[in-house]
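Each chain, letter by letter, is given below.
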Amino acid sequence: MKLKDEFPRLLSLSTEKEVSLECVVQRKEGVGGWHLNFRRSLRSWEEVEVVRLYTLLAEVPPLRPTIPDSLRWLRSSSGKFTVAAVRKWLAAHHGPKLMIPTLLWGNVAPPKVQFLGWLIWKGRVKTTDFLQRIGVLNSSVSNVCPFCKAEPESLNHIFLMCRGIWESWTELLNWWDVKWVLPTAVVDLLHWWMGFKGKKIIMNIWNLVPMAMFWYIWKIRNDCIFNGGQPNLKELSESVKWRVALWAKSNLPALVTSSICSAAGI
Ligand SMILES: [Zn+2]
């Protein structure tokens, strides 16, 4: 709480707006009580405000004149400001949402793939329902999913909920020997993905999987929409494994390369 906000009238009447707290406290100790100077006699309700101010000041901890005045970062026990302390505080208040950019950008996939992941996370990828919503396509255009041709094409459907897609996610997770409960939204999938724990070299590979999956799904979807291609989702998970292996081979140390390549059968 700031006293200037709590007592705006007293501040406007004060003739000592720039005087330091130390100076006022020293005067208090000299005369035996608070003494504030105003530019005119106070009205009765202003006197009440002064009494309220003094009552409030009586409740605050005593000043310690031997300790120099300084800024203190209340979010860390040491009182020192550090980036790590800010991050810790943000993580506590914003939870996994804060961590998703680390998943999307902190991997060795090509930048265009990372960018697609970011668009998907933000719900800005141009699915048919999105284009209709922003008025680029009119509502008479068919928005049926190009994979199952049964449900409307939405972000969560084509990247997660469409049958052939979630079966591919499940196959990939079987590859990792991980069981899961199908999330209902891509954002939830990313949160869940971030919860996986492992050694750093393992995490480098793990974080590539959704990147490659998103990339291939979008590639197949566009081929269906724009080239009249037929979706072949049966090979999707194998294609993703290959792509992860190739990205790892290009960008990660030899130790990782050999293990991932043997796992992918390359
Ligand atoms: Zn579908």
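Above this note sits the structure.
Residues numbered from 1 in each chain as written. Predicted model: local features only at pLDDT ≥ 70, side-chain atom pairs only at ≥ 80, totals over all residues. Heavy atoms only, no water.

Caption draft 1: Quick look at the coordination of the zinc ion. Cys145 (SG), Cys148 (SG), His157 (NE2) and Cys162 (SG) make up the full set of protein donors to the zinc ion, lying at 2.0 to 2.3 Å. What the four donor atoms of the zinc ion show is an angle range of 105 to 115 degrees at the metal, which sorts the shape as tetrahedral. Going along the chain, you hit the donors of the zinc ion in the pattern C-x2-C-x8-H-x4-C. Note that Cys145 is positioned in the loop between α8 (128-133) and α9 (155-161) and His157 in helix α9, a separation of 12 residues in sequence. When its relative accessible area of 0% is taken as the criterion, Cys145 is described as buried. (Donors = N, O, S within 2.8 Å, 3.2 Å for Na, K, Ca; no water. Tetrahedral: all angles 85-135°; square planar, octahedral: opposite > 155°, others 65-115°. Helix = DSSP H or I, 4+ residues; strand = E, 2+ residues; numbered from the N terminus. Buried < 20%, exposed > 50% of the residue type's maximum accessible area, 1.4 Å probe, protein only.)

Caption draft 2: Highlighting the environment of Leu116. In this structure, Leu116 sits in helix α7 (residues 111-121). The class of Leu116 is buried, set by a relative accessible area of 6%. Separated by 130 residues in the primary sequence, Leu116 and Leu246 place their C-alpha atoms 19 Å from one another. In this structure Leu116 touches Val125, Phe214, Trp215 and Trp218, once residues within four positions along its chain are discounted. (Contact = heavy atoms within 4.5 Å.)

Caption draft 3: Broad picture of the layout of surface pockets. Empty space within the largest pocket amounts to approximately 1,200 Å³. Forming the boundary of the largest pocket are 25 residues, of which Leu21, Pro61, Pro62, Leu63 and Arg64 lie nearest the centre. When residues of the lining of the largest pocket are traced back to their parent elements, those giving at least two are α3 (21-31) and α4 (44-59). Here the second largest pocket is characterised by a volume of approximately 580 Å³. What lines the second largest pocket is a set of 18 residues, and nearest its centre among them are Leu3, Leu11, Glu16, Leu36 and Leu53. Classifying every residue of the lining of the second largest pocket by side-chain character gives 12 nonpolar, three polar and three charged. (1 Å grid on protein atoms, 1.4 Å probe; cavity = no way out; pocket = protein on both sides within 12 Å on 5 of 7 lines; lining within 4 Å. Points joined across faces, edges and corners; volume = space filled by probe spheres on them. Nonpolar A, V, L, I, M, F, W, Y, C, P; charged D, E, K, R; others polar.)

Caption draft 4: Highlighting the nonpolar core. Counting residues in each nonpolar core, the largest one holds 49 residues, and the members touching the most others are Phe147, Phe159, Ile165, Trp169, Phe214, Leu236 and Val240. For this core, the secondary-structure elements that each account for two or more residues are α6 (96-105), α7, α9, α10 (163-175), α11 (186-194), α12 (200-206), α13 (208-227) and α14 (236-251). With 11 residues, the single largest contributor to this core is α13. If we skip the residues at most four places from it in the chain, Phe147 touches Ile158, Cys162, Ile165, Ile217, Ile220, Arg221, Cys224, Pro231 and Leu233. Judged by nonpolar contacts, the second largest core, of eight residues, contains Phe7, Phe38, Leu42 and Leu57. (Core = buried A, V, L, I, M, F, W, Y, C linked by side-chain atoms within 4.5 Å.)

Any link to function would need more than the numbers given here.
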